[in-house]
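# Fold and geometry: a report
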Amino acid sequence: MPPFNCEHIIQKDEETPLSPCFEPGPTHVVCMRGNLFWDHKGNQMYRNVIKDTIPRYSRATSRVEKSRMVSEVIDAIQGGNPPCTGGFVKRTTTGWAMASNDMIREKIGQSLRDGLHGRYKSSTKAKKRRNKELKAQMNASLDTLVASRCYVNTCMDNASKRIKTEQPSSDDHFHNIFLQANSVLLQSIKMDQTIASEYKALCS
């Protein structure tokens, strides 16, 4: 592999070829699709800078603020460790080249938007999970509360006795017994003046 070239990289408005012996160093961000350079130290540094910028980017209220933060990311990368200055580079058909300013700003803007979307997505998932857990807890509390009423056991016992006595010969007869028991049970719950307040206390 050719030796790493520590030439001072200055990003320009246009894509600019680098010397034939250039190889990306730990302060260079490789702009390339895919995961080939995912573990490259410069790309890891870039992701950390993006991660640190996202909280402020999420609070930005104007395009001017967001544009300034993109510039700050560029400055953070280009202000690499001496004697090498960091920069954004890309692979071309003829070798390595400095990425254009337009490409760099587009890449950073997209990274910030992707990070912001991921942040909101994680927050939404966590909220849905909490709501699901709360709903399950509330349902369990209601089941416990209803089961504690003596009229529930009485109603179920009566239904069981009817089944033993009448010995239903069809599914319709069997279902009818439970429908009647369920109707009696619902009416009893409606007439229970304390169940609502107790449920509220359990869920608070």
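The present account deals with the structure reproduced in this document. Computed from a predicted structure; not experimentally measured.

Cut-offs and rules
- Residues numbered from 1 in each chain as written.
- Predicted model: local features only at pLDDT ≥ 70, side-chain atom pairs only at ≥ 80, totals over all residues.
- Heavy atoms only, no water.
- Axes fitted to C-alpha atoms, helices over the stretch in contact; angles between N-to-C directions.
- Helix = DSSP H or I, 4+ residues; strand = E, 2+ residues; numbered from the N terminus.
- Parallel < 35°, antiparallel > 145°, perpendicular 65-115°, else oblique.
- Left-handed = near helix turned anticlockwise from the far one by under 90°.
- Contact = heavy atoms within 4.5 Å.
- Nonpolar A, V, L, I, M, F, W, Y, C, P; charged D, E, K, R; others polar.
- Buried < 20%, exposed > 50% of the residue type's maximum accessible area, 1.4 Å probe, protein only.
- Pairing = 2+ DSSP bridges.

### Quick look at the packing of helix 1 (residues 41-59) against helix 2 (residues 63-78)
At a closest axis distance of 10 Å, the pairing of helix 1 and helix 2 adopts a crossing angle of 155°. The angle between the axes of helix 1 and helix 2 places the two elements in the roughly antiparallel class. For the pair helix 1 and helix 2, the crossing hand works out as right-handed. Residue-level contacts link Met-45, Tyr-46, Val-49, Ile-50, Thr-53, Arg-56 and Tyr-57 of helix 1 to Lys-66, Met-69, Glu-72, Val-73, Ala-76 and Ile-77 of helix 2. Classifying every residue of the contact of helix 1 with helix 2 gives nine nonpolar, one polar and three charged.

### Structural notes on the packing of helix 4 (residues 150-166) against helix 5 (residues 171-191)
Between helix 4 and helix 5, the least distance of the axes is 10 Å, while the angle of their chain directions is 160°. Overall, the two elements helix 4 and helix 5 adopt an arrangement that is roughly antiparallel. Two packed elements cross with a definite hand, and for helix 4 against helix 5 that hand is right-handed. In this structure, helix 4 uses Tyr-151, Val-152, Cys-155, Met-156, Ala-159, Arg-162, Ile-163 and Glu-166 to contact helix 5, whose residues at the interface are His-173, Phe-174, Ile-177, Phe-178, Gln-180, Ala-181, Val-184, Leu-185, Ser-188 and Ile-189. A class-by-class count of the residues in the contact of helix 4 with helix 5 yields 13 nonpolar, three polar and two charged.

### Description of the pairing of strand 3 (residues 87-91)
Remark: a regular strand shows side chains that alternate across the two faces of the sheet. Taking burial as the measure, the five residues of strand 3 include four buried ones, the bulk of the element. Pairing of strand 2 (residues 28-30) with strand 3, which is carried by three bridges, proceeds in the parallel orientation. Bridge pairing in strand 3 places Val-29 opposite Phe-88. The sheet contact formed by strand 3 and strand 4 (residues 96-98) spans three bridges and is antiparallel. Paired with Arg-91 across the bridge in strand 4 is Trp-96. Where strand 3 folds back onto strand 4 in an antiparallel hairpin, the turn is made up of four residues, including Gly-95, whose phi is positive at roughly 140°.

### Details of the sheet that holds strand 1 (residues 16-17)
One open sheet accounts for four strands, arranged 1-4-3-2; its pairing is mixed. For this open sheet the edge positions go to strand 1 and strand 2, each flanked by a neighbour on one side alone. Note that strand 1 and strand 4 share two bridges and pair antiparallel. Its bridge partner lying in strand 4, Thr-16 is registered against Met-98. In this fold helix 1 packs onto strand 2 and strand 3, with an angle of close to 90° to the strand it touches most, strand 2.

By themselves, these figures tell us nothing about what the structure is for.
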